[in-house]
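Remarks on the overall topology
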Amino acid sequence: QVTLVESGGGLVQPGGSLRLSCAASRSIFSINVMGWHRQAPGKERDLVASIISAGSTNYADSVKGRFTIFRDYAKNTVYLQMNSLEPEDTAVYYCSGTYLGINYWGKGTLVTVSS
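Residues numbered from 1 in each chain as written. Predicted model: local features only at pLDDT ≥ 70, side-chain atom pairs only at ≥ 80, totals over all residues. Heavy atoms only, no water.

1. Overview of the sheet that holds strand S7 (residues 67-72)
Read across the open sheet, the four strands follow the order S1-S3-S8-S7; overall the sheet is antiparallel. Of all strands in the sheet, those bounded by a partner on one side alone are strand S1 (4-7) and S7. Adjacent strand axes in the sheet meet at a mean angle of 20° when their direction is disregarded. As paired elements, S1 and strand S3 (residues 18-24) share four bridges and run antiparallel to each other. (Pairing = 2+ DSSP bridges. Helix = DSSP H or I, 4+ residues; strand = E, 2+ residues; numbered from the N terminus. Axes fitted to C-alpha atoms, helices over the stretch in contact; angles between N-to-C directions.)

In structure tokens, the structure reads:
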């Protein structure tokens, strides 16, 4: 089993930056895929970025060039660096991890981009 805990959300002005963290309860070496997803009010949950154990990353078109997913093995943490934030990025951001074929989710952290 894996527990994922997100942090780092908050209120930021358009053009600003935030870094989200996802701390895992076990070594992220053992988690095949980790990702960040987001869900805006009234919309479905969509993939924002993912990273596999080999290190390859994948991004939604809407965030390419602005967001970066990376990990710190020593801290068992995956991060999402978000730059040039836009009001359309406002959503609850969820961390996910696939371990032994089961997908686990965190409880989410709210990001609000507004002036």
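Back to the text.
2. Describing the environment of Tyr59
Inspection of the secondary structure puts Tyr59 in strand S6 (residues 57-59). Residue Tyr59 is classed as buried on the basis of its relative accessible area, which comes to 17%. Between the alpha carbons of Tyr59 and Val48 there is a distance of 5.8 Å; along the sequence they are eleven residues apart. Apart from the residues within four sequence positions on either side, Tyr59 is in contact with Val48, Ala49, Lys64, Phe67, Thr68 and Ile69. At 2.9 Å, the side chain of Tyr59 forms a polar contact with the backbone nitrogen of Ile69. (Buried < 20%, exposed > 50% of the residue type's maximum accessible area, 1.4 Å probe, protein only. Contact = heavy atoms within 4.5 Å. Polar contact = N/O pair within 3.5 Å; in protein donor to acceptor, adjacent residues only side chain to side chain.)

3. Some words on the nonpolar core
Residues Met34, Trp36, Leu80, Met82 and Tyr93 are the most contacted members of the largest nonpolar core, which totals 30 residues. For this core, the secondary-structure elements that each account for two or more residues are S3, strand S4 (33-39), strand S5 (45-52), S7, strand S8 (77-82), strand S9 (91-99) and strand S11 (109-113). The residues contacting Met82, other than those within four sequence positions of it, are Gly16, Ser17, Leu18, Leu20, Arg66, Phe67, Tyr93 and Val111. (Core = buried A, V, L, I, M, F, W, Y, C linked by side-chain atoms within 4.5 Å.)

Remember that the coordinates give geometry; whether it matters functionally is a separate question.
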